[in-house]
Amino acid sequence: MNIKREPIVPEAVVAVMLGASVAALLGGAWARGLSVFWSDLTYLHHGWRAAPAMLVAAGRAPLWEPSLYFGMPMLGCMQGGLFYPATIFYYLFGFATATALFQAMHLFTAGWLCVLCLRSCRLSWGASLGGAFLFAFGGVMIARLPFLNHLSTLAWAPALALFFRRPVPLAVTLALMIFAGYPTFIPGCAAAAWVVAYAAARPEGWSWAAGARDWAKAGLLAGVLAAAQLLPGLELAAFSRRSSGIGLAEVLTWGFTPRDLLQWIGPLALGIGNFHPAIDWTLCVYLGIVGVAAAVYGAYVLPPRRALILGGFIVAVVVLTLGASNPFSAALWRWVPPLRFVRYPGNLAYLAMLPLGLLAAVGFSHRRAGPVLVLLSAFELLALGRSATPLAPRGLFAEPGPLVRTLQESREEERYLISPTALQASRGSNFFDWKQRLYGLTNAPYRLRSAANFGEPLVPAPSHAVMDALLSLPSADAAAGWMPWIGALRLLTPKPADSARLTVEASSLWEISRVRGPVSLAYQLTPKEGAALPAAWPSSPPDAARSPLEVRREREDRFEISGEGAGWAYVAEPRFPGWTTMLTTSSGERRVISEPALGAFQKVETPDGPWILRWRYEPGPWRYGLLLACLSWIVLSWSWYHRVVASGETG
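Conventions and cut-offs
Residues numbered from 1 in each chain as written. Predicted model: local features only at pLDDT ≥ 70, side-chain atom pairs only at ≥ 80, totals over all residues. Heavy atoms only, no water. Helix = DSSP H or I, 4+ residues; strand = E, 2+ residues; numbered from the N terminus. Rg over C-alpha atoms; globule rule 2.2 N^0.38 Å. Buried < 20%, exposed > 50% of the residue type's maximum accessible area, 1.4 Å probe, protein only. Contact = heavy atoms within 4.5 Å. Axes fitted to C-alpha atoms, helices over the stretch in contact; angles between N-to-C directions. Parallel < 35°, antiparallel > 145°, perpendicular 65-115°, else oblique. 1 Å grid on protein atoms, 1.4 Å probe; cavity = no way out; pocket = protein on both sides within 12 Å on 5 of 7 lines; lining within 4 Å. Points joined across faces, edges and corners; volume = space filled by probe spheres on them. Nonpolar A, V, L, I, M, F, W, Y, C, P; charged D, E, K, R; others polar. Polar contact = N/O pair within 3.5 Å; in protein donor to acceptor, adjacent residues only side chain to side chain. Pairing = 2+ DSSP bridges. Expected span 1.5 Å × (residues − 1). Arc of directions from axis to C-beta. Phe/Tyr/Trp six-rings, centres within 6.5 Å; stacked < 30°, edge-to-face > 60°.

### Quick look at the overall build of the protein
A tally of regular secondary structure across the protein gives 26 helices and 18 strands. Against the compact-globule benchmark of 26 Å for 651 residues, the protein has a radius of gyration of 27 Å, which places it among compact chains. Summarising its shape, the C-alpha atoms of the protein cover approximately 90 × 65 × 60 Å along the three principal directions. Across the 651 residues of the protein, 55% fall into the buried class. Of all intrachain contacts in the protein linking residues separated by at least 6 positions in sequence, the fraction that spans at least 24 positions is 75%.

Have a look at this one:
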């Protein structure tokens, strides 16, 4: 009996090979109980992902995070990807497991979308797979494994070229990139998509005007679909220290030198001793020897027009990555206004990946040598990826460490202040020690309130200015004079603090000192002293008598204080749009407007008799954005459903 065999579907083969490559890169480490570990994944993304997940698990929207930078809007902090669909992993699993699933999903997504994009350029499945390997498993994406927002945003970049003239799927892709948490990558990814689409198109079929119209429609629709994230994010950006751009000195940090261009080939060209992807992550851009050879050959065999378009764009990217290493590149960064919103020249290497993937795919199109070269390139990239990925036991993210346990034992709501000399000691004895010293945002999952963090670029400008002023103080004694006014009870220093205003409390990774005398997050001041309390941060702590008030916090976005008598209530909580303040007295309840005090904080005038002040955070951009996004997704789903049903009935 003859059994008819179904032909092997090339899509399935490609999907299996991509999945197997992801498993080969990440699966072995997971099976050994290890997790990807380094850079922002440990001291930033742990806080961004784990802290909101705890609130969602408790049934509350993560609107405000009181643990970070005196308190800040968590919704506006785009980098945590609160509304991004794949963030659900963090609501269902522990951080290490969720991160492994998140990384694996996005490497596969990047590869699969790149295959489809290259197929749309009329390339074979095998050649498209080779180009996709360079995009998904090249150094740029591997270096982004600890930058979850970078990884998830870049994974969707090939879809911009794939859906170039299809406004609705293009809008959904743009919305997903906004939700993913790093929208500043979107203009660059869009530019690369335009270059690839233009290079792949037939000249007679290309229309700049039609493309601009389609992208304008997609951009407007994407803004509406992502309004729940976009509106709070824009509000925070407008009130942040980044609202007017980044200083040139910070912008030009971490660029390439001419010698660093060998990084595009990899350690075999640069020298294995000069390959430090965990440290110099902006220089981790390798394509491998086979990949570079395929891209060069692809540029050689392409028609001149297409090769010039792709090659010219790649050269422009290389010039930008050189940053301050030569006068021409430095002048571009100094005088081109949009570049003042970009962090690090080396961070722009991602712009070249999609065009390079197309060139390499053309190079892999050779009928005889192509399949062998694709396999060799995949093997080389996976070997480089394994060597470029630092690993640590998964318990790293679950174990709080002795410092956290010591601070939690006190059960006090006041903040701690970490010394700038402690912040500068950025290397502990091992990775557990480094993570557990409360660098970055690592305090957030443990609900420990900090007066100073680092690493989040979008911080309310007044709060960041106060933090900078605190970390610029010359001594622990000077800091102790300010600590009661910022609600900080403890100071963490590398060595015992030398101050009569502090008493040594414990030693746990850092030396922990406690302020002598009462410290609270709120005080009652006399009418005269309260009125004189300055709105700006003064050069020295105010010399004012203060009576501590108890702060009762029902949840992270609500708190209240109570007292008696005319005067002023000073509260060491940030004054940020979205907070409403209600004053309750014997005559009823009314809304009051707090006044700025000491830079980032606030004060409220209180009447005679007993009174209660209640604060509640209900940001307008969140409410309106959520409503707009929900309505737009419903309309889009309804339209898509009826289009599918109509086409099915017609067929």
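Moving on, there is more to tell.
### Concerning the packing of helix H15 (residues 288-301) against helix H19 (residues 370-387)
Where H15 contacts H19, the axes come no closer than 7 Å and their chain directions differ by 135°. In this view, H15 runs oblique relative to H19, as classed from their interaxial angle. In contact with Gly288, Ile289, Val290 and Gly291 of H15, H19 contributes Leu373, Leu376, Ser377, Glu380, Leu381 and Leu384.

### Things to note about unusual backbone geometry
Of note, the phi angle at Tyr69 is positive, near 50°, even though the residue is not glycine. Secondary-structure assignment places Tyr69 in the loop between strand S2 (64-65) and strand S3 (72-73). Note on Tyr69: relative accessible area 2%, which makes it buried. For Arg447, which is not glycine, the phi dihedral falls at a positive 55°. By secondary structure assignment, the location of Arg447 is in the loop between helix H22 (431-436) and helix H23 (461-471).

### Description of the layout of surface pockets
The calculated volume of the second largest pocket comes to roughly 830 Å³. In this structure, the second largest pocket is lined by 31 residues; those nearest its centre are Tyr182, Pro183, Thr184, Phe185 and Phe341. Put simply, the parts of the chain that give the lining of the second largest pocket at least two residues each are helix H10 (186-200) and helix H12 (227-239). A total of five residues in the lining of the second largest pocket trace back to one element, the largest contributor, which is H12. Within the lining of the second largest pocket, the residues separate by chemical class into 21 nonpolar, eight polar and two charged.

### What about the side chain of Ser67?
If you trace the backbone, Ser67 turns up in the loop between S2 and S3. The class for Ser67 is buried, based on a relative accessible area of 1%. Looking at Ser67, its side chain comes within polar contact range of the side chain of Glu65, at 2.8 Å. If we ignore the near neighbours within four places in the chain, the residues touching Ser67 are Asn443, Ala444, Arg447, Leu448, Arg449, Ser450 and Asn453.

### Looking at the pairing of strand S18 (residues 610-617)
Alternating residues of S18 divide into Trp611, Leu613, Trp615 and Tyr617, all buried, and Pro610, Ile612, Arg614 and Arg616, none buried. Direction of pairing for strand S12 (residues 558-564) relative to S18: antiparallel, over a ladder of seven bridges. The residue bridging Ser562 from the neighbouring strand is Ile612, located in S18. Sheet topology places strand S14 (residues 579-585) next to S18; six bridges connect them, and they run antiparallel. Across the sheet, residue Thr584 finds its bridge partner in S18, namely Ile612.

### A closer look at empty space enclosed by the protein
One pass over the full model with this rule turns up three cavities of 30 Å³ or more. Of the voids in this model, the largest cavity is the one considered here, and its volume is about 90 Å³. Every residue lining the largest cavity is listed: Phe135, Val140, Met141, Leu154, Ala157, Gly188, Cys189, Ala192, Tyr350, Leu351, Met353 and Leu354. Here the element with the most residues in the lining of the largest cavity is H10; it accounts for three residues. Of the residues contributing to the lining of the largest cavity, the split by class is 11 nonpolar, one polar and no charged.

### Focus: helix H11 (residues 208-225)
Between the first and last C-alpha of H11 there are 25 Å, a value that for 18 residues agrees with the 26 Å anticipated at 1.5 Å per step. Of all the positions in H11, only Ala210, Gly211, Asp214, Trp215, Ala218, Ala222 and Leu225 are classed as buried. Seen from one end, H11 has its buried residues packed into an arc of 125°, which puts them on one side. For H11, exposure combined with an orientation more than 90 degrees from the buried face picks out Arg213, Lys217 and Leu220.

### Concerning the packing of aromatic side chains
Aromatic ring pairs are reported here in terms of the distance separating the ring centres and the angle at which the planes meet. Per the counting criterion, the structure on display carries 40 aromatic pairs. Ring geometry for Trp281 against Tyr344: centres 6.4 Å apart, planes inclined by 75°, an arrangement best described as edge-to-face. One end of the pair, Trp281, is in the loop between helix H14 (267-270) and H15; the other, Tyr344, is in the loop between helix H17 (327-335) and helix H18 (353-363), and 63 residues separate them in sequence. Considered together, Trp281 and Tyr344 belong to a single accessibility category, that of buried residues.

### Concerning the sheet that holds strand S8 (residues 510-515)
Overall, mixed pairing links the four strands, which are arranged S5-S6-S8-S7 in an open sheet. With partners counted over all chains shown, the strands left at the sheet margins are strand S5 (415-418) and strand S7 (502-508), one partner each. Averaged over all neighbouring strand pairs, the angle between strand axes comes to 30°, with direction disregarded. Of the strand pairs in this sheet, S5 and strand S6 (residues 488-493) are connected by four bridges, and their pairing is parallel. In the strand pairing of S6, Ile418 is matched with Leu492.

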